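Spelled out, the chains give:
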Amino acid sequence: MLAKRIIPCLDIKNGRTVKGVNFVDLRDAGDPVELAELYSAEGADELVFLDISATEERRKTLVTMVRNVAEKINIPFTVGGGISSVEDVEILLNNGADKVSINSSAVKNPQLINELAQKFGSQCVVVAIDAKQINGLWIVHLVGGKVPTELNLFDWAVEVAKRGAGEILFTSMDNDGTKNGFANEALAKLSALVNIPIIASGGAGNIQHFVDSFKKGKADAALAASVFHFKEIEIKTLKQELRNNGVEVRV
């Protein structure tokens, strides 16, 4: 069985790490390069950096930060935010990123997924999907959760997998920042529908939530932010507890 991954997520705004609840009320959580170094040392399997204002403000992800992070850590990291072309991805990968995450640009131009997978390989391409329940249906949202689309989460997940995405990063906007647990029912359905890894995001509040994301949600990786940034959960302790619960992780 493949080891499950623990992934701290750093939302970047104006060069700082920030964290909010349900995508709003952001507060400062520290310097992204320092946090990256710390998480790498503590045993995180990967990191995700999302420049949360890049798409909205029509500017490119902070290449300098990517380079600085790459110099400090020895685990894979994914960068997202404002990526809309093959050239954007080339710059990020050349500056040290291992993977890129695309979200709004994939919905607006689904062919971009195919192009990136063909040029850089599926293993580089993470499609992030932010969704919330509206009238019982999981609806995909864009631009940091501000713009609802007509897309259904599960239909879109199947399409991105077919187009060559290597992973799906699914954030439940309903659960995000609430610390009430991940959207395990939706996660399990996603895992059953597609044969690429699913990263669970949104709702981590305690160690049991991570256990549930893997056992009930069938996720391949679990991503969290505030519980790590504000030292509520130590990665080493989390991994030990996951092992105690029969979840295979790298220690």
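Residues numbered from 1 in each chain as written. Predicted model: local features only at pLDDT ≥ 70, side-chain atom pairs only at ≥ 80, totals over all residues. Heavy atoms only, no water.

- The name an unreviewed UniProt entry assigns to the protein chain is Imidazole glycerol phosphate synthase subunit HisF, from the organism Flavobacterium lipolyticum.
- For the record of the protein chain, the UniProt heading Subunit (unreviewed entry) holds the text "Heterodimer of HisH and HisF."
- The UniProt entry for the protein chain carries the following text under Function (unreviewed entry): "IGPS catalyzes the conversion of PRFAR and glutamine to IGP, AICAR and glutamate. The HisF subunit catalyzes the cyclization activity that produces IGP and AICAR from PRFAR using the ammonia provided by the HisH subunit." (UniProt positions renumbered as here; feature names shortened; annotations may be inferred.)

**Regarding unusual backbone geometry**
Across the chain, the bulk of peptide bonds are trans and the bulk of non-glycine residues have phi less than zero.
Reasoning step 1: You will see that lysine 179, though not glycine, has its phi angle at about 60°, which is positive.
Reasoning step 2: With respect to the helices and strands, lysine 179 occurs in the loop between strand S10 (167-172) and helix H7 (184-193).
Reasoning step 3: Within the chain, lysine 231 stands out as a residue other than glycine whose phi angle is a positive 60°.
Reasoning step 4: Here lysine 231 is to be found in the loop between helix H9 (226-229) and helix H10 (235-244). (Helix = DSSP H or I, 4+ residues; strand = E, 2+ residues; numbered from the N terminus.)

**Examining the packing of helix H1 (residues 32-42) against helix H2 (residues 63-72)**
Reasoning step 1: Viewed as axis vectors pointing N to C, H1 and H2 meet at an angle of 25°, and their least axial separation amounts to 9 Å. By the angle class used here, H1 and H2 are roughly parallel. Both H1 and H2 take part in a crossing whose hand is right-handed. Counting all contacts with H1, which are made through Pro32, Val33, Ala36 and Glu37, the residues of H2 involved are Met65, Asn68, Val69 and Lys72.
Reasoning step 2: Residues of the contact of H1 with H2, tallied by class, amount to five nonpolar, one polar and two charged. (Axes fitted to C-alpha atoms, helices over the stretch in contact; angles between N-to-C directions. Parallel < 35°, antiparallel > 145°, perpendicular 65-115°, else oblique. Left-handed = near helix turned anticlockwise from the far one by under 90°. Contact = heavy atoms within 4.5 Å. Nonpolar A, V, L, I, M, F, W, Y, C, P; charged D, E, K, R; others polar.)

**Considering the nonpolar core**
Reasoning step 1: Leu47, Val127, Phe170, Phe210 and Phe228 are the most contacted members of the largest nonpolar core, which totals 73 residues.
Reasoning step 2: The contacts of phenylalanine 170, once residues within four sequence positions are left out, are Ile129, Ala131, Trp138, Leu153, Ala183, Ala186, Leu187, Leu190, Ile199, Ala200 and Ser201. (Core = buried A, V, L, I, M, F, W, Y, C linked by side-chain atoms within 4.5 Å. Buried < 20%, exposed > 50% of the residue type's maximum accessible area, 1.4 Å probe, protein only.)

**Side note on helix H5 (residues 111-120)**
Reasoning step 1: Inspection of H5 places Leu112, Ile113, Asn114, Leu116, Ala117 and Phe120 among the buried residues, and these make up the whole buried set.
Reasoning step 2: The secondary structure elements touched by the buried residues of H5 are helix H3 (86-94), strand S6 (99-102), helix H4 (104-108), strand S7 (125-134) and helix H6 (153-163).
Reasoning step 3: Backbone geometry just after H5 places glycine 121 at a positive phi near 95°.

**Considerations on the UniProt feature "active site" (unreviewed entry) in the protein chain**
Reasoning step 1: Per the UniProt annotation, the sites labelled "active site" (unreviewed entry) are Asp11 and Asp130. Taken along the chain, the residues just named run across 120 residues; in space they keep tight, none of their C-alpha pairs more than 14.1 Å apart.
Reasoning step 2: Mapped onto the secondary structure, aspartate 130 falls in strand S7.
Reasoning step 3: A polar contact is formed between the side chain of aspartate 130 and the side chain of asparagine 103, at a distance of 3.1 Å. (Polar contact = N/O pair within 3.5 Å; in protein donor to acceptor, adjacent residues only side chain to side chain.)

**Quick word on the pattern of salt bridges**
Reasoning step 1: For the structure on display, the rule yields ten salt bridges.
Reasoning step 2: With a shortest N-O distance of 2.7 Å, glutamate 167 and lysine 99 are connected by a salt bridge. Here the residue glutamate 167 occupies a position in strand S10, and lysine 99 occupies one in strand S6, the gap between them amounting to 68 residues. Of the two residues examined, glutamate 167 and lysine 99, each falls in the buried class.
Reasoning step 3: The network of salt bridges with shared partners includes Arg5, Glu46, Lys99 and Glu167. (Salt bridge = Lys/Arg side-chain N within 4 Å of Asp/Glu carboxyl O.)

**Considering the side chain of aspartate 212**
Reasoning step 1: Mapped onto the elements, aspartate 212 comes out in helix H8 (residues 207-215).
Reasoning step 2: For the buried residue aspartate 212, which engages in no salt bridge, the nearest side chain bearing the opposite charge is lysine 216, 4.1 Å off.
Reasoning step 3: With residues near it in sequence (within four places) discarded, aspartate 212 still touches Asn184 and Gly217. (Lys, Arg positive; Asp, Glu negative; His and termini not counted.)

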